[in-house]
Amino acid sequence: MDQLAAMATFVRAVDAGSLSAAARSLPSSLTSVSRQISALERHFGTRLLMRTTRQLALTEDGRLLYERAKSILGELKEIEEGLAGNRREPSGRLRVSAPTLMGRLLIAPLLGDFLRAYPSLSVDLLLVDRNVDLIEEDVHLALRVGRMPDSQLVMRKLAEVQMIHCASPDYLARRGEPHTPADLTQHDCLVFSDAPGAATWRFGREANGGTRVRIPGRLWINSLDALAAAAESGAGIVRVPSWQVERQLAEGRLRRLRRAHEPAPAPLHALYQPSRLGSTKIRAFVDFLVERWRGSDPLSR
């Protein structure tokens, strides 16, 4: 048995959803696909799939092999790309994940220039406000904000994101401006969340004895765009990235609260698997973002 070829067939079958669909996408017959997967099961001594020609369900061992096989096959592909990197320009498909608002306002507007610079590349931009599983979701590069826990992923810092607190002039005229973080407990606060509940906002630089305040919240929305719109309408005080409300601040539709209480900027990292260190397409995209944001500092004003 060619174990790598069998693992590639197994991964293709799982991704396709059935043995027959995998056979149609490969230069193999349904019988050949079934035999390769059966050979894998005999080799590992365990059942990998509960299967018919129409539907597949992974066993627990099958799920483990699927994730590891997909990683191994990805590593081999990246090695090939890395070895060929000095001989050809970046090419193929690049799948990138980013927070929804950042992707829409800061990443998507740059993609036209990026694609013109690299005509052999295509980009699949996934906008989600959660941490994706790079292996499970076949993501080559993830953009994440905040301090990253220890992990085996490679991280490259791209920029810093400054969170600020602001409200409409109308709201501040009615309720007054909070002078300390603790004053916020007496204000209508707008919280970015999927579900109602108390939030914790951090103020000041932790190295200098920063403050954490539990915010009871008056309105919860799982969209930063919608939160900013609610704040602009006078609903209360919102905590958002500075770049999101730059225009509203300049036009006086929102007012920025005391800078002295703002938290330290949070780093924005590009994360990818160690096996992709040699990927020319990842390096091209990351270098492109660094170059575009160098000096202009669009995320931390």
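Just so we're clear, the structure is a prediction, and the values are computed from it rather than from any experiment. (Residues numbered from 1 in each chain as written. Predicted model: local features only at pLDDT ≥ 70, side-chain atom pairs only at ≥ 80, totals over all residues. Heavy atoms only, no water.)

A. Representation of the sheet that holds strand 3 (residues 92-98) within the structure. Overall, mixed pairing links the five strands, which are arranged 4-3-5-14-6 in an open sheet. The open sheet has two free edges, formed respectively by strand 4 (121-127) and strand 6 (154-161), since each of these has just one partner strand. Geometrically, the sheet is characterised by an average inter-axis angle of 20° between neighbouring strands, direction not taken into account. Sheet topology note: the strand 3/strand 5 (residues 141-145) ladder contains two bridges and is parallel. The residue of strand 5 that forms the bridge with Val 96 is Leu 141. Here helix 5 (residues 100-117) sits on the sheet in contact with strand 3, strand 4, strand 5, strand 6 and strand 14 (266-272), set at roughly 175° to strand 4. Contacts from helix 9 (residues 280-293) reach strand 3, strand 4, strand 5, strand 6 and strand 14 within the one sheet, and its direction differs from that of strand 6 by about 20°. (Pairing = 2+ DSSP bridges. Helix = DSSP H or I, 4+ residues; strand = E, 2+ residues; numbered from the N terminus. Axes fitted to C-alpha atoms, helices over the stretch in contact; angles between N-to-C directions. Contact = heavy atoms within 4.5 Å.)

B. Expanded view of helix 5. With 18 residues, helix 5 extends 24 Å between its outermost C-alpha atoms, agreeing within 8% with the 26 Å of an ideal straight helix rising 1.5 Å per residue. Considering bend angle alone, the principal kink of helix 5 is centred on Ile 107 and spans about 45°; proline Pro 109 follows within four residues of it. For helix 5, the full list of buried residues reads Leu 101, Met 102, Gly 103, Leu 106, Ile 107, Leu 110, Leu 111 and Phe 114. (Expected span 1.5 Å × (residues − 1). Bend = angle between axes of the 7 residues up to and from the residue. Buried < 20%, exposed > 50% of the residue type's maximum accessible area, 1.4 Å probe, protein only.)

C. Structural view of the environment of Lys 157. Secondary-structure assignment places Lys 157 in strand 6. Given a relative accessible area of 45%, Lys 157 falls into the partly exposed group. Spatially, the C-alpha atom of Lys 157 lies 4.4 Å from that of His 269, the residues being 112 residues apart in sequence. Setting aside residues up to four positions removed in sequence, Lys 157 forms contacts with Pro 267, Leu 268 and His 269. A distance of 2.9 Å separates polar atoms of two side chains, one belonging to Lys 157 and the other to Glu 160. (Polar contact = N/O pair within 3.5 Å; in protein donor to acceptor, adjacent residues only side chain to side chain.)

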